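Notes for the structure review
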Amino acid sequence: MSDSHNHGKEVSPGTEPAHKPHDMHLGLYLGVGGFLICATILTVYLSYVDFGSRKANIIVAMIVATVKVGFVAAIFMHLKGEKWTIWKFLLFTMFFVAGLFFLTLLHTSDPIFGTTHNTH
Amino acid sequence: MQIPYEVTARPDTGLYNAKLGIWLFLASEVMLFGGLFSAYIFLRLGAEDGYWPHGLLNVPVGAGNTIILIGSSVTVVLAWASLKMRKFMQYKIWMGISILCGIAFLVVKLAYEWPQKFEHFGAFIKKDALSKYEGYLGNAHLKEKGLDPRVEVSGHLHEVEINVDSAQKDKLDAFLEANDLTMSPEAEGAKLLVVEHKSEEGKPREGMSPGVAEDLEAVPGVKVIAFRLGLDPVNAEPMNPESDKPHFWYKNPTDIPGRVEREDVESYSAFVPKHSPYFAVYFTITGLHGLHVLAGVLIMIYFWLPIAGGSNMFKRNPEHLANRVEVVGLFWHFVDLVWIFVFPIFYLL
């Protein structure tokens, strides 16, 4: 980040009009923040509800966490309405992360050769 | 050197360069944390029944830290919006609150949560000795209910029973002196020695650090016979149905005494990375996450301070400052996003 030698070449600093509060969706940010806090409390509550098995509780908690992350990414990180260039990066990243998790799952079962390992 | 497109968008990407840069960086961060989360899954799927601990972390504290981080995500986006609206004082306030939230998160983690774990003692019992400790473990009761067995006795370490080779007692004496330890007077001269922390009269005994016990065992001529501890509630009342599942409110170790013989112990330590795969991956992920929080706080302080690259930029080029804050904001939201997964997988599940 070098800031001492490159100002004012591209725009006239400070001359562009300030955004209006209405344009900045301040209410939306506060609303999403409130929702995320409520969702955190919900996550804690649901972890003490018996959904039949620990696996079921994990799935429920991960669904809530994924919804929360979706709101953070879409609203706070402005991915909703973001340029296609960034979406392309992220789709590639998601593909490789999915691949990484798939490799981890080979620890317990191997869908390629149809075998199941006993992990114990 | 002129860095192009710091303020306006580059025509071909439609983005100013720093935004493109931070998203590429965040993509690499997703891979980094993705690798660690997949390690978590690997370790957890490979853990035998009873060997993946539950309820060892303080849920209200973790939930509080989650809310602090979410709150700071809101305030950092409001700081950016304030700059876009050219409201400087609002920017200073929102950014200041974001910085304070980040610091609060770190203080809770480093001054409260982690040190508590470093003083907590846990001993995994050998499989063939589990029945001997049924009074602490309650496995028959758990089996009846179809729950995972308990394999660890934990709490606060109070004393260590040892035998010492009299020819090498001087080494033990030097170790006790160096570590502020003493031997119980009634045991002095006897074959069995009991080592404990020196305590001032009238004050409660502080207990012994599990790390000191490990060092004691390494002293030449010393043979550890048994550990005496104040049991965790789950070992103090293993048959109590309330102990069957983790609690929302964290319960400190009790004063109810327990004794575990060294020869029955598979491994023992404080709640540190070597304790178990659970704590290894917990400290790795929360430690790396904590470093990210620290980095975010430092950068936000830089943009908040009245210096050339910080808030003084507002007068010269407010849009450039707004872009900088948007970029640190994107990083900060990512840190929040990681924690949203960390909290349930370590504290709740």
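Residues numbered from 1 in each chain as written. Chains lettered and ligands numbered in written order. Predicted model: local features only at pLDDT ≥ 70, side-chain atom pairs only at ≥ 80, totals over all residues.

**Notes on the overall build of chain A**
Along the backbone of chain A there are three helices and two strands. Reading chain A from its N end, one meets helices and strands in the order α-α-α-β-β. Sorting the 120 residues of chain A into buried and exposed places 12% on the buried side. Look at the contacts in chain A between residues 6 or more apart in sequence, and 35% of them connect residues 24 or more apart. (Helix = DSSP H or I, 4+ residues; strand = E, 2+ residues; numbered from the N terminus. Buried ≥ 20, exposed ≤ 12 C-beta atoms within 10 Å, placed from the backbone. Contact = placed C-beta atoms within 7 Å.)

**Re the pairing of strand S4 (residues 193–197) of chain B**
A regular strand carries its side chains on alternate faces of the sheet. Residues and elements named next belong to chain B. For S4, the tally of buried residues reaches four of five residues, placing the bulk of the element in the interior. Of the strand pairs in this sheet, strand S2 (residues 152–164) and S4 are connected by four bridges, and their pairing is antiparallel. In the sheet register, valine 160 faces S4, and the bridge partner there is valine 195. Taken together, the three bridges between strand S3 (residues 181–183) and S4 define a ladder with antiparallel strand orientation. Bridge pairing in S4 links leucine 181 to histidine 197. (Pairing = 2+ DSSP bridges.)

**Comments concerning the domain arrangement of chain B**
Residues and elements named next belong to chain B. Domain boundaries in chain B define domain 1 (17–119 + 277–348) and domain 2 (121–270). The straight-line distance from the C-alpha centre of domain 1 to that of domain 2 is 37 Å. Contacts between the two partners involve 11 residues from domain 1 and, on the opposite side, 11 residues from domain 2. Residue assignment for the side of domain 1 that touches domain 2 shows that the elements contributing at least two residues are helix H2 (59–84) and helix H3 (88–118). Broken down by class, the residue content of the side of domain 1 that touches domain 2 amounts to four nonpolar, four polar and three charged. (Domains from an automatic or database assignment. Nonpolar A, V, L, I, M, F, W, Y, C, P; charged D, E, K, R; others polar.)

**Comments concerning the packing of helix H9 (residues 277–304) of chain B against helix H11 (residues 318–348) of chain B**
All names here are of chain B. H11 packs onto H9 with a crossing angle of 155° between their chain directions and a minimal axis gap of 10 Å. Looking at the two axes, H9 sits roughly antiparallel to H11. For the pair H9 and H11, the crossing hand works out as left-handed. Touching Tyr282, Ile285, Thr286, His289, His292, Val293, Gly296, Ile299, Met300 and Phe303 of H9 are Arg324, Val325, Val328, Phe331, Trp332, Val335, Val338, Trp339, Val342 and Phe346, all from H11. (Axes fitted to C-alpha atoms, helices over the stretch in contact; angles between N-to-C directions. Parallel < 35°, antiparallel > 145°, perpendicular 65-115°, else oblique. Left-handed = near helix turned anticlockwise from the far one by under 90°.)

**Some points on the domain arrangement of chain A**
Reports of interface size often rely on the accessible area that becomes lost once the parts have come together. The domain boundaries assigned to chain A delineate domain 1 (24–80) and domain 2 (83–120). For domain 1 of chain A versus domain 2 of chain A, the separation of C-alpha centres amounts to 23 Å.

**Some words on the interface of chain A and chain B**
Contact residues are listed per partner, giving 53 residues for chain A and 54 residues for chain B. Those elements that provide at least two residues to the side of chain A that touches chain B are helix H1 (26–47), helix H2 (54–76) and helix H3 (84–105) of chain A. The residue makeup of the side of chain A that touches chain B, split by class, is 28 nonpolar, 19 polar and six charged.

**Things to note about the nonpolar core**
Most often, soluble globular proteins keep nonpolar side chains buried together rather than apart. All names here are of chain B. Val77, Ala79, Trp80, Val325 and Phe331 are the most contacted members of the largest nonpolar core, which has 91 residues in total. Per-element tally for this core: the top contributor is H11, with 18 residues. Non-local contacts of phenylalanine 331, meaning those with residues more than four positions away in its chain, are made with Ile22 and Gly296. (Core = buried A, V, L, I, M, F, W, Y, C linked by C-beta atoms within 7 Å.)

**Quick word on unusual backbone geometry**
With glycine set apart, most residues show a phi of negative sign, and most peptide bonds adopt trans. Phi is positive for arginine 86 of chain B, which is not a glycine, with a value near 60°. Among the secondary structure elements, arginine 86 of chain B is positioned in the loop between H2 and H3.

**Topic: the environment of tyrosine 136 of chain B**
Residue and element names in this part refer to chain B. Tracing the backbone through its elements, the reader meets tyrosine 136 in helix H4 (residues 134–137). The class for tyrosine 136 is buried, based on 25 C-beta atoms found within 10 Å. Distance in space between the C-alpha atoms of tyrosine 136 and glutamate 29 is 43 Å, their sequence separation being 107 residues. In contact with tyrosine 136, other than residues within four places in its own chain, are Val153, Leu231, Asn235, Pro238 and Gly258.

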